[in-house]
Amino acid sequence: SEMYAGGVSGGLFYSNNGGLSWTEVNPEQENLAVMTIAFSKDGDVYYGTGEGLYNTWTTGYGASTSSGFPGAGVFKKGANESQFTQLSATTGFPSIGAIVTDPNDNNKVFMATSSGIRRSTDGGTTWSNPVTGTIGSNGTCWDIHMDAGGSLWATLGGRTMQSTDGGANWTEIS
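Residues numbered from 1 in each chain as written. Predicted model: local features only at pLDDT ≥ 70, side-chain atom pairs only at ≥ 80, totals over all residues. Heavy atoms only, no water.

Focus: the overall build of the protein
A count of helices and strands for the protein gives 1 helix and 16 strands. Pairs at least 24 apart in sequence give 38% of the contacts found in the protein among residues at least 6 apart. (Helix = DSSP H or I, 4+ residues; strand = E, 2+ residues; numbered from the N terminus. Contact = heavy atoms within 4.5 Å.)

Structural data, given as structure tokens:
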């Protein structure tokens, strides 16, 4: 009966009665653009912020405008914790499009960011870029998914990428 829901214009909400009523999780951060929510096998909850289309430019009148809202990285609540905390290693990512947790290893977390694919092997404390070469350092990752067989799939810089070894190595499929 526990549920979480997020929105790009309002933050994160929680229900413990199957959605009959909702409570704001972080009301002091109501403007966070929540884009993705993920759960680990042991009950950790992650949410990623920042609209994927976030872009800022200056108009001819000197005003700054944006096509979306920037985020503040990833927030996490451990299974036995009552509050979410910001993962400090993710504050440099203005857009988190998706988060995936490994069902076999509670510490493995993957995210799709405006700066590419990111992988954590310590529950989100540190993150690395598992994709090497030009595409790995310059591509925007819009989505990431783990299939039933454990393979990871991601869109990166307009290409489809696959990892069959837990995210350590990636191969371009298209």
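Considering the nonpolar core
One broad trend across soluble globular proteins is that nonpolar side chains are buried collectively. One finds Ile-117, Val-131, Ile-144, Leu-156 and Trp-170 to be the most contacted residues of the largest nonpolar core, which totals 15 residues. Ranked by size, the runner-up nonpolar core spans 10 residues in total, among them Val-74, Leu-87, Phe-93 and Val-109. (Core = buried A, V, L, I, M, F, W, Y, C linked by side-chain atoms within 4.5 Å. Buried < 20%, exposed > 50% of the residue type's maximum accessible area, 1.4 Å probe, protein only.)

Comments concerning the side chain of Asp-102
Assignment of secondary structure puts Asp-102 in strand β10 (residues 96–102). For the buried Asp-102, no salt bridge exists, and the shortest N-O distance to an oppositely charged side chain is 4.3 Å, to Lys-108. Discounting residues that sit within four places of it in the chain, Asp-102 has contacts with Lys-108 and Met-146. (Lys, Arg positive; Asp, Glu negative; His and termini not counted. Salt bridge = Lys/Arg side-chain N within 4 Å of Asp/Glu carboxyl O.)

Considering the pairing of strand β11 (residues 105–113)
β11 sits mainly inside the fold: 7 of its 9 residues count as buried. Bridge analysis of β10 against β11 gives 6 bridges, and the strand direction is antiparallel. Along β11, the bridge assignment pairs Asp-102 with Asp-105. With antiparallel pairing between neighbouring strands as the criterion, β10 and β11 make up a hairpin whose turn holds 2 residues. Note that β11 and strand β12 (residues 116–120) share 5 bridges and pair antiparallel. Its bridge partner lying in β12, Val-109 is registered against Ser-120. (Pairing = 2+ DSSP bridges.)

Looking at the sheet that holds strand β8 (residues 74–77)
Strands pair in a sheet through their backbones, by hydrogen bonds, and they do so in one of two ways: parallel or antiparallel. The sheet built from 4 strands is open, its strands ordered β4-β5-β8-β9 with antiparallel pairing. The outermost strands of the open sheet, each flanked by one partner alone, are β4 (34–39) and β9 (85–86). The pairing of β8 with β9 spans 2 bridges and is antiparallel. Bridge assignment links Lys-76 to a residue of β9, and that residue is Thr-85.

Structural notes on the side chain of Glu-51
The residue Glu-51 is located in the loop between β5 (45–49) and β6 (56–58) in this model. Arg-118 is the oppositely charged side chain nearest to the buried, salt-bridge-free Glu-51, at an N-O distance of 21 Å. Setting aside its immediate chain neighbours within four residues, Glu-51 contacts Val-8, Ala-33, Met-35, Gly-68, Phe-69 and Ser-95.

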